[in-house]
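Here are the chains, one letter per residue:
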Amino acid sequence: MSKPIIATASLAGCFGCHMSILDIDDRILQLIELVEFNKSPIDDIKTFTKQCDIGIIEGGCCNSENVEVLKEFRKHCKILISLGECAIMGGLPAMRNGIPVKECLEEAYLNGPTVGLNAEKVMPNDAELPMILDKVYPLHEIVKIDYYLPGCPPRADLIWAAVVALVTGDELNIPYELVKFD
Amino acid sequence: MKDRILNIVENFEKDPGRMMDILLEVQSEFGCVSHEAVSIIASALNVSEVDVTQTRSFYHFFTCQPVGKYAVYVNNSVVSCMKGMSEVVDEFEKVTGIKFGSKTQDGLISLHYTACIGMSDQEPAALINSVVFTELNREKVRKLVADMRAGKAVQEMFTELGDGINAHPLVKSMVKNNIRKAGPVTLGEYTVGKGLMKALGMDSKAVITEVKDSNLRGRGGAGFPTGMKWDFCSRESGDHYVLCNADEGEPGTFKDRVLLTERAHMLFEGMAIAGYAIGAKEGILYLRNEYAYLKAYMESVLTELRNKNILGKNIHGKGFDFDIRVQYGAGAYVCGEESALIESAEGKRGEPRNRPPFPVQKGYKNKPTIINNVETFCSAVKIIENGSAWYKAIGTPESAGTKLLSISGDCKLPGVYEIVWGMSIKEMLDMVGAENVQAVQVAGPSGICLPPSQFDRKIALEDLPTGGSMIVIGKNRDLLKDVVLNFMEFFADESCGSCVTCRSFNMILKNSIEKIVEGHGIKKNIDEMMAWSEILRKTTRCGLGQTSSNPITTTIKNFKELYDMRVKDVEYQSEFDMSKAVKDSCEVVGRPAIIHE
């Protein structure tokens, strides 16, 4: 039987969740025995080249490109996992939710203390650029999500336990301290 | 400004416990409680700014930014919407040129929404600088705005006065009593002072026994035996307090408004009887700010009772001292919860306390306190006057006496009815002239939505308990959109935010019902809402969170077909709309929104 295929992406996130994936340390060697990677920053494959089994996504959706990537993942992956706070709830980027997007853009490009170089008061509007959404959306509001791994970032041991359980079909055994921090 | 605020603080003896009164006066005088005002108050009271801010920020009627010279608060509760609120809102926005939630450039008019103001029998209604305007329509709105622009005093913007005490020179309100049916107890015959006179001739323990024997149970809705509450409280040592809960905030309730208007003497007399029974010298009437139009009248009744020695020192020469002050709220539904009410009366945020200890043990100022509803105190007066046996003979074995109902919605005769417990819903509907009824919302949003198949059920504590709100919903209404969604918006707004589940689940439930109403719902959402409701009910501290999911759970139970019609039988459905989501940002930066689907 061929190995299960994993794809990953970071949308409106900080790549911290991906760093946490790398924190599985030497278990990455075992991981390579267990699975094959397709579209992912881990192997730098930019577009899907085949159907995948597991998609792992960090970050919520703050622009049109995020939405398109997310929808691609849903199309290509049997199972989709929201990885971390931003994917699950919007996280830090969602702090702009509740402030009109107009005010956010004006603060960023016209009025903020660091926009001195923008003498012509231009707001980025090239057709090549992704369009900004009215707010940051958690992934499950846009496509169906099968599993959620909480944390900021989720601990490496949690990611490892979840992926191994999914791949081997073994029961998922998560110790309390992997998901609760109180 | 500083001198004036210091003056206000001085008038309340620099007592941080009177924070509500201080903030109310500052708000009324300056149109807001600004940051600067907060600093002045804090240093004058010798408390931190945060202590002031936390109270200020909790209540709807305190604002940081100045409201308009005329601050218009339109009621957006369910009955107001049924009776044409959207037209009133539309007209206000059209004539003033501003949206709700904002103020005209010249600072003259500001438009706000507010929760039920206790006028469900004469909607759509609004408060303008605390003056009530009822039965509004487009024409009246145009006239009101013209009057505001002409600088007219708010009290002069209407000509017709209401009936009874509403026309009293100290009230001068257009509010109507709409008393449709008077019964033998609260709206029956009443002679001022008779009940108290009799009580003072009895031993205080005997007064409690009389109330106990009458089987009187709390009229706010929970139905706790009144005599037992008084008994528990009287056994505690130290100063005692009598509090009256007149924070009638349950949408669709307005019966206390009528008692406060027409039976103020009776209420204060009932509080004095309770004070005598439990050994209290001080009473507080906690009155919702929406009824502040009764302020001058309330004070005059208190003065009158003091002059008649029904309140004051050595009442009727029996060595009993008792006096009452009126504490106003500032717009917070949760303050109807007794421990939140106490917090508010102490000048703090209206957040419910953990119980035990119960208020009868540690209540106002941590002293033994009884809190009863307006109607309960009024009933107690008649019980003492006529005896427990007389009272007990009225009603059903488990629900003694009469109940005031506030009936509104789709019926010919909305108003206040004093009924004998045990009346069926069907009889009630005939009484109010309601036809083609889809449902009756019993006991307000936190109660149950009753389908016609259950209209033979009885209004009684053992079957359908109610604090008095009855909203008739006609067949022409969209039950989920017009009623359930409105109720959930209300609860999401009014949660004090202290319990995590109440703060977040009410919002989630509101969003879910909205999703279903808008046609994005799926079958699974119904089960999820039931599951979340159960968690919410079990994990919150006070009655708000324990009942706020009732609009959803009781309609899922009784009107499941309305949900099934609207949800799709698919595993997942997104309500995300890319073109809507990018519209604003594309406009701001000046680029076309090109969507590739």
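If you're wondering where the values come from, they're calculated on a predicted model, not measured in any experiment.

### A closer look at the pairing of strand 3 (residues 52–58) of chain A
Residue and element names in this part refer to chain A. The element strand 3 is largely enclosed, with a buried count of six among its seven residues. Sheet topology note: the strand 1 (residues 5–10)/strand 3 ladder contains five bridges and is parallel. Bridging across to strand 3, alanine 7 finds its partner in glycine 55. Direction of pairing for strand 3 relative to strand 5 (residues 77–83): parallel, over a ladder of six bridges. Considered in strand 5, the bridge of isoleucine 56 is made with isoleucine 81.

### Regarding the interface of chain B and chain A
The interface of chain B with chain A comprises 21 residues on the first partner and 24 residues on the second. Together, the buried faces of chain B and chain A total about 1,700 Å²; carbon and sulfur atoms form 64% of this surface. Among the residues of chain B in contact with chain A, B:Tyr572, B:Phe576 and B:Arg591 are the three that bury the most area, contributing 35% of the side total. Put simply, chain B and chain A have one salt bridge between them. Along the contact surface separating chain B from chain A lie twelve residue pairs in polar contact (both at pLDDT 80 or more). Broken down by class, the residue content of the side of chain B that touches chain A amounts to twelve nonpolar, four polar and five charged.

### As for the packing of aromatic side chains
Residues and elements named next belong to chain B. Across all of its chains, the model carries 16 aromatic pairs over all chains by this definition. Ring centres 5.0 Å apart and planes at 70° place the aromatic pair phenylalanine 58 and tyrosine 59 in the edge-to-face group. With respect to class, phenylalanine 58 is no different from tyrosine 59; both count as buried. Considering the side-chain rings of tyrosine 333 and phenylalanine 491, the 6.1 Å spacing of their centres and the 65° angle between planes classify their relative orientation as edge-to-face. Separated by 158 residues along the polypeptide, tyrosine 333 in the loop between strand 8 (323–328) and helix 14 (338–345) and phenylalanine 491 in helix 18 (residues 479–494) bring together distant segments of the chain. Residue tyrosine 333 is classed as buried on the basis of its relative accessible area, which comes to 14%.

### Some thoughts on the domain arrangement of chain B
All names here are of chain B. Here chain B is described as being made up of domain 1 (2–56), domain 2 (70–159), domain 3 (181–392), domain 4 (402–474) and domain 5 (480–566). On a C-alpha basis, the centres of domain 4 and domain 5 stand 22 Å from each other. Between domain 4 and domain 5, the residue contacts involve 13 residues of the former and eleven residues of the latter. Between domain 4 and domain 5, roughly 910 Å² of surface is buried when both sides are summed, and carbon and sulfur atoms account for 70% of that area.

### Some thoughts on the sheet that holds strand 5 of chain A
Residue and element names in this part refer to chain A. A sheet is described by the order of its strands in space; here five strands give the open sequence 2-1-3-5-7, paired in parallel fashion. Of all the strands in the sheet, just strand 2 (36–37) and strand 7 (147–149) have a single pairing partner and so form its edges. Taken strand by strand, helix 6 (residues 156–168) contacts strand 1, strand 3, strand 5 and strand 7, and its axis lies near 155° from that of strand 7.

### Things to note about the side chain of B:Ser512
All names here are of chain B. Its location among the elements puts serine 512 in helix 19 (residues 500–517). Exposure remark for serine 512: the relative accessible area of 10% places this residue in the buried category. In terms of polar contacts, serine 512 uses its side chain to reach the backbone carbonyl oxygen of isoleucine 508, at 2.8 Å. Dropping the residues within four chain positions of it, serine 512 is found in contact with Met529 and Trp532.

Conventions and cut-offs
Residues numbered from 1 in each chain as written. Chains lettered and ligands numbered in written order. Predicted model: local features only at pLDDT ≥ 70, side-chain atom pairs only at ≥ 80, totals over all residues. Heavy atoms only, no water. Buried < 20%, exposed > 50% of the residue type's maximum accessible area, 1.4 Å probe, protein only. Helix = DSSP H or I, 4+ residues; strand = E, 2+ residues; numbered from the N terminus. Pairing = 2+ DSSP bridges. Contact = heavy atoms within 4.5 Å. Buried area = accessible area lost by both parts, 1.4 Å probe. Salt bridge = Lys/Arg side-chain N within 4 Å of Asp/Glu carboxyl O. Polar contact = N/O pair within 3.5 Å; in protein donor to acceptor, adjacent residues only side chain to side chain. Nonpolar A, V, L, I, M, F, W, Y, C, P; charged D, E, K, R; others polar. Phe/Tyr/Trp six-rings, centres within 6.5 Å; stacked < 30°, edge-to-face > 60°. Domains from an automatic or database assignment. Axes fitted to C-alpha atoms, helices over the stretch in contact; angles between N-to-C directions.

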